[in-house]
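Observations on the three-dimensional arrangement
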Amino acid sequence: MRKPISDAFCKGAGPLVLGLLFSVLVGSAAQASEPVCITAGRLNAQGQWAPKLDAIRLLDAAGRTISSASQADMKNVQTLEITEPALLSACEGDRPLTSADGSQAQPKAPVPAAKPGRLAVLGLSYPPLRVGGVLVEVKVRVPADQIVMVMR
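Now for a description of the structure that goes with this document.

Thresholds, definitions, all that
Residues numbered from 1 in each chain as written. Predicted model: local features only at pLDDT ≥ 70, side-chain atom pairs only at ≥ 80, totals over all residues. Heavy atoms only, no water. Pairing = 2+ DSSP bridges. Helix = DSSP H or I, 4+ residues; strand = E, 2+ residues; numbered from the N terminus. Axes fitted to C-alpha atoms, helices over the stretch in contact; angles between N-to-C directions. Disulfide = S-S within 2.5 Å. Buried < 20%, exposed > 50% of the residue type's maximum accessible area, 1.4 Å probe, protein only. Contact = heavy atoms within 4.5 Å. Phe/Tyr/Trp six-rings, centres within 6.5 Å; stacked < 30°, edge-to-face > 60°. Lys NZ or Arg CZ within 6 Å of the ring centre and 35° of its normal. Core = buried A, V, L, I, M, F, W, Y, C linked by side-chain atoms within 4.5 Å.

**Considering the sheet that holds strand E3 (residues 56–59)**
Spatially, E2-E1-E8-E7-E4-E3 is the arrangement adopted by the 6 strands of the open sheet, whose pairing is antiparallel. The open sheet has two edge strands, strand E2 (49–52) and E3, and neither has a second partner. Put simply, the sheet's adjacent strands are angled 40° from each other on average, direction ignored. Note: strand E4 (residues 79–82) against strand E7 (residues 117–125), 4 bridges, orientation antiparallel. Bridging across to E7, Glu81 finds its partner in Arg118.

What follows is the structure in structure tokens.
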């Protein structure tokens, strides 16, 4: 008696073909990925860095570091330089951040991060915090080969 084609497919080349198909689909989706954000730090209610993340440098068109906390100066940011993996997040824009009140802490799990290097900046936004001040979100597009998973 002959085995059904599905049995032969699953035991033979099927998993390999499915794996290759999955790789192609994921790769093409990653290439057309949406912009993501990297938090560069926080500005307190007085507009000063509190804190500024050391692993992230904001650069102008000439490659000079912009260390000023002035939003007017930060409009000149063209490039983001990362010296250690930086967590990627959804962009909140200028919307207030949602509260996690009452939710349980999530167990540590792998999360996506951008590898060290330089990325072109698509924009900056400043989501307000409930405790005063704002986050500094840098919107970037990260190529799939520049994404790593890190434990959070």
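Having seen the structure, we can now continue with the description.
**Considering the state of the cysteines**
Counted by the stated rule, this structure contains 1 disulfide. Paired by a disulfide, Cys37 and Cys91 hold their sulfur atoms 2.2 Å apart. Here the disulfide of Cys37 and Cys91 is right-handed, its torsion about the S-S bond being about 105°. Here Cys37, found in strand E1 (residues 36–43), pairs with Cys91, found in the loop between strand E5 (86–87) and strand E6 (110–114); they are 54 residues apart in sequence, far enough to count as distant.

**As for the pairing of E2**
Taken together, the 2 bridges between E1 and E2 define a ladder with antiparallel strand orientation. Bridging from a neighbouring strand, Gly41 pairs with Lys52 of E2. What sits between the antiparallel neighbours E1 and E2 is a turn of 5 residues, in which Gly47 has the positive phi angle 80°.

**A short note on the side chain of Asp60**
Relative to the elements of secondary structure, Asp60 occurs in the loop between E3 and helix H3 (71–74). By relative accessible area, which is 13% here, Asp60 ends up buried. When neighbours within four sequence positions are excluded, Asp60 is seen to be in contact with Ile66, Asn76 and Gln78.

**Observations concerning the packing of aromatic side chains**
Under the criterion given, the structure shown has 0 aromatic pairs. The ring of Trp49 has Lys52 lying over it, and the distance from NZ or CZ to the ring centre is 5.5 Å.

**Structural notes on the nonpolar core**
One finds Ile38, Leu43, Leu58, Met74 and Leu80 to be the most contacted residues of the largest nonpolar core, which totals 23 residues. Here this core takes 4 residues from strand E8 (residues 134–140), the largest share from any one element. When sequence neighbours within four positions are dropped, the list of residues in contact with Leu80 reads Ile38, Ile56, Arg57, Leu58, Gly117, Arg118, Leu119, Val121, Val138 and Val140.

**With respect to unusual backbone geometry**
It is generally the case that most residues other than glycine have a negative phi and that most peptide bonds are trans. Residues Ala50 and Pro51 are joined by a peptide bond in cis, for which omega reads 0°. Within the secondary structure, Pro51 sits in strand E2.

**Quick notes on the sheet that holds strand E9 (residues 147–151)**
Taking strand neighbours across the sheet as the criterion, the 3 strands line up as E5-E6-E9 in an open arrangement whose pairing is antiparallel. In the strand order of this sheet, the two ends are held by E5 and E9, each with one partner. The pairing of E5 with E6 spans 2 bridges and is antiparallel. Bridge pairing in E6 links Leu87 to Ala113.

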